[in-house]
Every structure is written in C-alpha cells, then in structure tokens.
Amino acid sequence: MRAWDAQRVAAAAGASLLRGPAAGERGPRSATVDSRSAGPGDLFVGLCGDRVDGGRFAAPALTAGAWGVLVEPAHASAAVAATGAGAVLAADNPLTALWRLATAWRRDLGATVIGVTGSTGKTSTKDLLGAVLSPARRTVTSRANFNTEIGVPLQILAAPQGTEVLVLEMAMRGAGQIALLARIAEPDVGVIVSIGPVHLEQLGSLEAIASAKAELVAALAPSATAVLPAGERLLEPHLRTDVKTLTFGPDGDVRLVAQHGESVEIDAQGEHLTLTVNFDEAHLRHDLLAAVAAAIAIGVRPAGKIELVRAPGRGLHRLLPRGVTLIDDAYNANPMSMRAALDALAVTPAQGRRVAVLGDMLELGPEAGRYHREIGAYANGIADLLVSVGPLAAAMAVTFRGEHQLVADAATAAALLDEILSPGDVVLVKGSNGVGLKLICEKLLA
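Calculation notes
- Numbering of residues begins from 1 in every chain and follows the order in which that chain's sequence is written.
- Side-chain atom pairs in this predicted model are given and counted only at pLDDT of 80 or more, local residue features only at pLDDT of at least 70, and totals for whole chains, interfaces and linings cover all residues.
- As a rule here, side-chain values cover all heavy atoms of the structure and leave hydrogens and water aside.
- A 1.4 Å probe rolled over the protein chains alone gives each residue an accessible area, and that area as a share of the maximum for its type sets the label: buried under 20%, exposed over 50%, partly exposed in between.
- Segments assigned H or I by DSSP are reported as helices when at least four residues long, segments assigned E as strands when at least two residues long, and all are numbered from the N terminus.
- Being paired, for any two strands, means DSSP has found at least two bridges between them.
- Angular values range over 0 to 180 degrees, each being the angle between N-to-C directions of two axes fitted as lines to C-alpha atoms, with helices fitted over their stretch in contact.
- Any two residues whose heavy atoms approach within 4.5 Å are treated as being in contact.
- Each Phe, Tyr or Trp ring (for Trp, its six-membered ring) is paired with any other whose centre lies within 6.5 Å, and the angle between the two planes then decides the class: stacked below 30 degrees, edge-to-face above 60, tilted in between.
- Here, a charge over a ring means that NZ of Lys or CZ of Arg falls within 6 Å of the ring centre while also lying within 35 degrees of the ring normal.
- Convention used here: angles under 35 degrees read as roughly parallel, angles over 145 as roughly antiparallel, angles from 65 to 115 as roughly perpendicular, and any remaining angle as oblique.
- In a left-handed crossing the near helix is turned counterclockwise from the far helix by less than a right angle, and in a right-handed crossing that turn is clockwise.
- The working definition used for a salt bridge is a side-chain nitrogen of Lys or Arg within 4 Å of a carboxyl oxygen of Asp or Glu.
- The directions considered for the arc are those from the helix axis to the C-beta atoms.
- Here a polar contact means two N or O atoms within 3.5 Å. Within protein one must be a hydrogen donor candidate and the other an acceptor candidate, and residues neighboring in sequence count only if both atoms are side-chain atoms.

A. Representation of the pairing of strand 10 (residues 225-229) in the model. Within strand 10, five of the five residues are buried, leaving the element largely enclosed by the surrounding structure. Side chains T225, V227 and P229 of strand 10 all project onto a buried face; the interleaved residues A226 and L228 project onto the opposite face, where all are buried too. Judged from the three bridges that link them, strand 9 (residues 189-192) and strand 10 form a sheet pairing that is parallel. Across the sheet, V189 pairs through a bridge with T225, a residue of strand 10. Where strand 10 lies against strand 11 (residues 244-248), five bridges are found, and the strand directions are parallel. Each bridged residue has a counterpart across the sheet, and for T225 the counterpart in strand 11 is K244.

B. Inspection of the sheet that holds strand 21 (residues 426-430) at higher detail. Strand order across the open sheet formed by six strands is 16-17-21-18-19-20, with mixed pairing between neighbours. In this open sheet, the two edge strands, each paired with only one partner strand, are strand 16 (316-319) and strand 20 (403-407). Averaged over all neighbouring strand pairs, the angle between strand axes comes to 15°, with direction disregarded. Helix 16 (residues 438-445) rests against strand 16, strand 17 (325-328), strand 18 (354-359) and strand 21 of the sheet, and its axis sits at about 150° to strand 17.

C. Region of interest: the packing of aromatic side chains. For the structure shown, the criterion picks out one aromatic pair. When the centroid spacing of 5.3 Å and the interplanar angle of 80° are considered together, the rings of W4 and W105 count as edge-to-face. One end of the pair, W4, is in the segment before helix 1 (6-13); the other, W105, is in helix 4 (residues 94-109), with 101 residues separating them in the sequence. For the pair W4 and W105, one class covers both residues: buried. For the cation-ring pair, R314 lies above Y331, with the distance from its terminal atom to the ring centre recorded as 3.9 Å. Here R339 stacks its cationic end above the ring of Y378, 5.5 Å away from the centre of that ring.

D. Inspection of the environment of V300 at higher detail. Relative to the elements of secondary structure, V300 occurs in the loop between helix 11 (282-297) and strand 15 (304-306). Residue classification places V300 among the buried residues on the basis of a relative accessible area of 5%. Sequence separation of V300 and A136 is 164 residues, and the distance between their C-alpha atoms is 7.1 Å. If we ignore the near neighbours within four places in the chain, the residues touching V300 are V132, L133, A136, R137 and A295.

E. Looking closely at the packing of helix 4 against helix 6 (residues 151-158). Remark: helix 4 packs on helix 6, axes separated minimally by 9 Å, with the N-to-C direction vectors making an angle of 40°. Between helix 4 and helix 6, the crossing angle belongs to the class labelled oblique. Handedness of the helix 4/helix 6 crossing: left-handed. Note on element contacts: helix 6 touches helix 4 through P153, L154, I156 and L157, opposite L98, W99, L101, A102, W105 and R106.

F. Representation of the pattern of salt bridges. Throughout the structure, instances matching the rule amount to 20 salt bridges. A salt bridge links R8 to D108; the shortest N-O distance between them is 3.0 Å. Placement of the pair is R8 in helix 1 and D108 in helix 4, with a sequence separation of 100 residues. Taking the relative accessible area as the measure of exposure, D108 reaches 31% and is therefore partly exposed. Linking E149 and R173 is a salt bridge whose minimum nitrogen-to-oxygen distance equals 3.6 Å. Note that E149 is positioned in the loop between strand 7 (139-141) and helix 6 and R173 in the loop between strand 8 (165-169) and helix 7 (177-185), a separation of 24 residues in sequence. The class for E149 is partly exposed, based on a relative accessible area of 23%. Here the salt bridges share partners, and the residues they tie into one network are R339, E367, R370 and E374.

G. Spotlight on helix 15 (residues 410-420). Buried residues of helix 15: A410, A413, A414, L416 and L417, and no others. With its buried residues spanning 165° around the axis, helix 15 presents them on a single face. Sitting at the amino-terminal end of helix 15 is D409, which places a side-chain oxygen 3.4 Å from the backbone nitrogen of A411.

Structure, rendered in structure tokens:
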C-alpha cells in the first residue's frame, strides 16, 4: 500500500482520517494487529478481543514509529491527544475495516488469487503452489497460520505491488467462515484439497464439512476455476456449471502416472509432465497434483525441480544427536492426517524400531472413540512401538497388536522416550494442538 496516501487508505477501509502520517510518508507497507511488532511502515489495527482491547495500544504503537493506527473512535481520539505523529484512522469496527482495506488492496494489485482449503493438506498444497509458480510468476504465499478472518486480510495487505499470484490458505472452524474469507479475497481459483472428519464437533457430519468447504466454490465468479479431488462424491452437490472444474487424483484431469525415485510423471489433461521432487510420501504426491492443477488453471506449465520446504511440526525429518530420526508432525492431527503420517513413518528407512507417538485427535464428536481405534488398527504393521498420549488416544491400544505404552501427557511421553529410544530408531510425533506434543519434539531436539 506504499503507493496509496492516507486519504485513500482511510477511504478503502471505510474509516475517518483524524490525522495524517509523518511528513514525507505515503501509504503503509503492511498491517499488523500486534502493537508489539508495529514499527516504521506498519498500520496497527487495534482489534477488540475476548480478553484484550487492542485499541488501547494505539498510542504506544505510534510512539514505536508505526505509520499509523486504525482503531475505534474513542481510542483514535486518545491517540491523537497523546501523540504528535503518525496517521490515526477511526472506524466503528476495525475488523470490518481491515477486511474492506484488504479487498481494496487485492483489487488494486491485479494479481491472480488462488484460495486453498481442505480438511488436510492445505498447507503443503499452498507451499507446493509457491514452489511450482515462483519460477514463472512473482508469487506470494500465506505465512504460517495466516489463514483466518484476521490472518488472510493481513496476508493480502503484506503482498507488495507487482505481485502476480497470491496464494492464500483458508482455514475453517465452522459454517460460513470460508465464505467470509472468499468475500475478502475474491479468489480466481478455488482449491479444495480434501474432505474428511475434521471439526465434527462443530459441524456434525461429513456432508456438513463438505458444504462448509464448498463455500469456496460457491464464492467463485462465473468462469473462475474450481480445483477438486476426483471422484469426491461429497462435493458433487456443490458443483457449478458456470465454473470450470479441474479434478486431480486417480481418474482426474491431473493424475500421477509414475514415480521413479525423485522423478514424478504426471498426466495433465493429456500433457505429459516430468517433475523432480524432494519427497515420496503418498499424501504429498496428492497435494502436488492439486498444486499442478491450480497452476495449469492460471496458465503456468510446471517444470523442473519442485522443492517442498517443510516447517517444524509439519512432517519435518530431523536426525537427533543420539542417532534417532525424528519425524516432527506435531502441529495438528485428524484421522486423515494420522494415516498420512503413519504412511510416512512406514517408508522412512530405519535401522532400529519405528516408534509412533500419537496423541488425542480432538473435535471428533461422539465418534471419537471409533476414529482412535481405527488409527490403532492402521498402525499395525507400521509401528513396532505405539506410545499413545492422552485419554482419547488410549483407545488406540484396543486395536493395536504390538508393544504399547499409554501415557497421560506430553511431558511424561518425553521422559519415556528419553529412556527407551536407541540409535537407528525412527520416531513419529503427531497429535492435535491441544495435546501439546510440540513439547516432545523440543525435548528430543534439546
């Protein structure tokens, strides 16, 4: 937004401009909702949360050198009185103003926007899209966790002038949330990576989950493109005749033909593509097909080496000093991603045992016990030792036939692993965020 002056920023946000920025300043570089990180070039948006009213920190943000603040009128007046420099914008609802500002900047950018959602795989698909598109287009992808009604507009506003493709991850906790994110971002391409049993406590059924994810398809303008998993019957009621649909996966428009080591062969609507990748897990190949389909939808032909950079907590492999391989997949978990993680454990070379440390999968509703028992059964033949963490994960022991250890929490699990792991072992750590298995990885790495 550097090219915009303060009047244009205020008008785009639907806010009143009480004071302009410091002399010589035009528009902000980006926006933030954390006053502690607000510095030169930043627009601090003071949101009122359940416990903290961010507008109270408007004056400190300006004192720290922020370009300006966007806060409720009372806080804006106080900021003008307390400080001598920096733009001050007032809006009755700063969050709504943030959404309006993001949409206005998205339109001014003129970039192609790709929205990515799914029960699992949306983050890796977003990252793979970045790797696929960057050689051909100036591409910006969502930062970690910038996928909510606050994160998505902040990510849009962080995209610099000249961005050609903006890839936005879109998360969902309930009905209507994807629709809101799509209204803000106005995607040209909507990617649904998968449909599965996630957030069942809130939504109640797989059909309801599919309907919530399909809000992305419903939001597309006529002639836009939906990229969907081939043969997903749960999405069939949500298909549109006025939107182009590209499918991926077995029998899809974009499908995997063969993989030989790092070489992946893909049939993309009859065109043969050969890519070099740095992963061999089945779920990542699935996500790659979604990324390739989205790239083709905007006229990019993927080629060459596609390197996925894994973040901590998302399947990152690390060799510990004691000669143990850690698969850090502790960021989150659901029945689909648990199976994918166990598949990754199965193909990871091990000179010793394969150890699966699996925590509770939360928000699964009344069927939680069944889902955990199914994971225990799935781990048979893959894990030599299963360490279940938490009361829900204890149900995995019912169907797991190998050696099993039941522990109450992450700290106890970390202490146990410190005693029993041996050189050559491979240990997978995975569970829902609420179980806090990140602590196990931190202890092992330390």
